[in-house]
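One-letter residues, chain by chain:
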Amino acid sequence: MDKESTMLDEKLLEQYHELLGNEGVHEMYNTFSDNIAGYLDHLQHVVKKRDEAETRRQAHKVKGACRSVGLRQLASQMERLEREEWHWDDADDLLEQWAVELPLHQHQLRRWLHARGI
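Residues numbered from 1 in each chain as written. Predicted model: local features only at pLDDT ≥ 70, side-chain atom pairs only at ≥ 80, totals over all residues. Heavy atoms only, no water.

Draft legend 1. Summary view of helix α3 (residues 52-68). Along its 17 residues, α3 runs 24 Å from first to last C-alpha, staying within 8% of the 24 Å computed at 1.5 Å per residue. Within α3, burial applies to Glu-54, Thr-55, Arg-56, Gln-58, Ala-59, Val-62, Lys-63, Ala-65 and Cys-66. Its buried side turned inward, α3 meets α2 (10-48), α4 (72-83) and α5 (88-115). Capping the start of α3, Asp-51 holds a side-chain oxygen 3.4 Å from the backbone nitrogen of Ala-53, two or three residues further along. (Helix = DSSP H or I, 4+ residues; strand = E, 2+ residues; numbered from the N terminus. Expected span 1.5 Å × (residues − 1). Buried < 20%, exposed > 50% of the residue type's maximum accessible area, 1.4 Å probe, protein only. Contact = heavy atoms within 4.5 Å. Polar contact = N/O pair within 3.5 Å; in protein donor to acceptor, adjacent residues only side chain to side chain.)

Have a look at this one:
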């Protein structure tokens, strides 16, 4: 599996494209792009407060947002925060790495969309 295919759920994106067309998929991406920074900021805030229940709820929200645009790898990292056992240092490290990786994954998604004329 190449790096792009591990980042993106291309099968899901193709299904969305069939159902929603270029405009619908483009709108989905724009909604994600407009909201993900705020979701991440809130998640970082609740992690700093050491609020485990809210951290898990917000990780669920971020996971869903990522899955909605086919960002498979980012979603699975949020699923770990949502469902698995972890320590606060692990959560801090995961969020720090996640924030660095987000633009790279968004770039791959934009490349995928652009290659299909979306």
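Anyway, onward from the coordinates.
Draft legend 2. Structural context of the nonpolar core. By size, the foremost hydrophobic cluster in this structure holds 31 residues, and its most contacted members are Met-78, Leu-81 and Trp-98. Setting aside residues up to four positions removed in sequence, Leu-81 forms contacts with Leu-43, Thr-55, Arg-56, Ala-59, Trp-86, Ala-91, Leu-94 and Leu-95. (Core = buried A, V, L, I, M, F, W, Y, C linked by side-chain atoms within 4.5 Å.)

Draft legend 3. Here's a closer look at the pattern of salt bridges. Scanning the entire structure with this criterion turns up eight salt bridges. Here Arg-50 ties to Asp-92 by a salt bridge, and the two come within 2.9 Å at their closest N and O atoms. Pair noted here: Arg-50 is in the loop between α2 and α3 and Asp-92 is in helix α5, with a separation of 42 residues, a long-range link. Across the pair Glu-79 and Arg-83 runs a salt bridge whose closest N-O atoms are separated by 3.0 Å. (Salt bridge = Lys/Arg side-chain N within 4 Å of Asp/Glu carboxyl O.)

Draft legend 4. Spatial organisation of the packing of α2 against α3. Contact geometry for α2 and α3: axes closest at 6 Å, N-to-C directions at 155°. Relative to α3, α2 is oriented roughly antiparallel. Here α2 runs over α3; the crossing is left-handed. Facing Leu-12, Tyr-16, Met-28, Phe-32, Ile-36, Tyr-39, His-42, Leu-43, Val-46 and Val-47 of α2, the residues of α3 in contact are Glu-54, Thr-55, Gln-58, Ala-59, Lys-61, Val-62, Ala-65, Cys-66, Arg-67 and Ser-68. The residue inventory of the contact of α2 with α3, partitioned by class, reads 13 nonpolar, four polar and three charged. (Axes fitted to C-alpha atoms, helices over the stretch in contact; angles between N-to-C directions. Parallel < 35°, antiparallel > 145°, perpendicular 65-115°, else oblique. Left-handed = near helix turned anticlockwise from the far one by under 90°. Nonpolar A, V, L, I, M, F, W, Y, C, P; charged D, E, K, R; others polar.)

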